[in-house]
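The lines below spell out each chain.
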Amino acid sequence: MGTSGAASLQVTVVDEQGRPVPDAVVFLDSVQASKVVRPMAQVDMAQQNKRFVPDVLLVTRGTPVAFPNRDTVRHHVYSFSPTKRFELKLYVGTPAQPVVFDQPGVAVLGCNIHDQMIAWVVVVDTPYRAQADADGRVVLDNVPPDAYQLRLWHQRLPVGAAAQAQALSMTDKSLALRVVLRKLEAP
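Residues numbered from 1 in each chain as written. Predicted model: local features only at pLDDT ≥ 70, side-chain atom pairs only at ≥ 80, totals over all residues. Heavy atoms only, no water.

**Quick look at the nonpolar core**
The nonpolar side chains of soluble globular proteins are, as a tendency, buried together. Counting residues in each nonpolar core, the largest one holds 32 residues, and the members touching the most others are L9, V13, L28, L140 and L150. Elements supplying a minimum of two residues to this core: β1 (7–14), β2 (25–29), β6 (56–60), β12 (118–124), β14 (137–143), β15 (146–153) and β16 (164–170). Those residues in contact with L140 that lie beyond four places of it in its chain are A7, S8, L9, L28, Y128, R129 and A130. By size, the runner-up hydrophobic cluster in this structure holds 20 residues, among which are F86, V99, M117 and A119. (Core = buried A, V, L, I, M, F, W, Y, C linked by side-chain atoms within 4.5 Å. Buried < 20%, exposed > 50% of the residue type's maximum accessible area, 1.4 Å probe, protein only. Helix = DSSP H or I, 4+ residues; strand = E, 2+ residues; numbered from the N terminus. Contact = heavy atoms within 4.5 Å.)

Dropping the structure here:
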């Protein structure tokens, strides 16, 4: 999106002790952002070595997600989350139909066979989104001027907790912020 007057936003996400929070999900919500968001091309959340890969998947509303089983054992993938309820009963290979995540929120996934398997699909209604790198940093480019809600989410937030939010006004000037993600549970 090469929007004229657009700027970059750099966010460094830290915990309450000032340590970086890798893999934090950072996104900008606004009425205008929800009007320009588009589904992504199909993405995968595989099962491999009895784990979901990746364990956190960030997608835009309407994105189809395939669940290829790369293990030699069967998996039974499900979500009972209000964001997306579905069940892929015992299977190997890749189910014929991907699951379309059509409303914003966080869907927690599990496997009925392997209780240790847990993952999250974070569905956002904005094209301005990313996951933090190992240093807790995210750069969002080409952000048009607007009044946004800067939202942060991480899998170590208490179960069912909403994304942390704060108002943010973007102008045509680039901005760098350091944001504390509160109430994280121990890793």
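Alright, that's what it looks like, and here's the rest.
**Thoughts on the pattern of salt bridges**
Where charged atoms from two side chains of opposite charge approach closely, those side chains can pair. Tallied over the entire structure, the rule returns nine salt bridges. Between E16 and R182 there is a salt bridge; the shortest N-O distance is 3.9 Å. In this pair, E16 is assigned in the loop between β1 and β2 and R182 in the segment after β17 (175–180), connecting sequence segments 166 residues apart. What makes R182 partly exposed here is its relative accessible area of 45%. (Salt bridge = Lys/Arg side-chain N within 4 Å of Asp/Glu carboxyl O.)

**Focus: the sheet that holds β17**
Read across the open sheet, the three strands follow the order β14-β1-β17; overall the sheet is mixed. Looking at the sheet topology across the chains shown, the edges are occupied by β14 and β17. Geometrically, the sheet is characterised by an average inter-axis angle of 20 degrees between neighbouring strands, direction not taken into account. Strand direction decides the pairing type here: β1 and β17, joined by six bridges, are parallel. Among the inter-strand pairings, Q10 is bridged to a residue of β17, identified as A176. (Pairing = 2+ DSSP bridges. Axes fitted to C-alpha atoms, helices over the stretch in contact; angles between N-to-C directions.)

**Focus on the layout of surface pockets**
In this structure, the largest pocket encloses a volume near 410 Å³. What lines the largest pocket is a set of 26 residues, among which V106, V108, W153, G160 and A161 lie closest to the centre. Among the elements of the structure, β2, β11 (105–111), β12 and β15 are those that each provide at least two residues to the lining of the largest pocket. At five residues, the largest contribution of residues to the lining of the largest pocket is made by β12. Class assignment of the residues belonging to the lining of the largest pocket gives a composition of 17 nonpolar, five polar and four charged. (1 Å grid on protein atoms, 1.4 Å probe; cavity = no way out; pocket = protein on both sides within 12 Å on 5 of 7 lines; lining within 4 Å. Points joined across faces, edges and corners; volume = space filled by probe spheres on them. Nonpolar A, V, L, I, M, F, W, Y, C, P; charged D, E, K, R; others polar.)

**What about the packing of aromatic side chains?**
This model, assessed by the stated rule, comprises five aromatic pairs. Centre to centre, the rings of Y128 and Y148 are 6.1 Å apart; their planes meet at 80 degrees, and the pair counts as edge-to-face. One end of the pair, Y128, is in the loop between β12 and β13 (129–131); the other, Y148, is in strand β15, with 20 residues separating them in the sequence. The pair Y128 / Y148 is uniform in exposure class, with both members buried. Among the aromatic residues, those joined into a ring-pair cluster are F67, F86 and F101. (Phe/Tyr/Trp six-rings, centres within 6.5 Å; stacked < 30°, edge-to-face > 60°.)

**Overview of unusual backbone geometry**
Only a minority of non-glycine residues have a phi that is not negative, and only a minority of peptide bonds are not trans. Cis geometry is found at the peptide bond from V53 to P54, where omega equals -5 degrees. Tracing the chain through its elements places P54 in the loop between β5 (51–53) and β6. Despite not being glycine, K50 has its phi angle at roughly 55 degrees, a positive value. In this fold, K50 is placed in the loop between β4 (46–48) and β5. The exposure class of K50 is partly exposed, given its relative accessible area of 39%.

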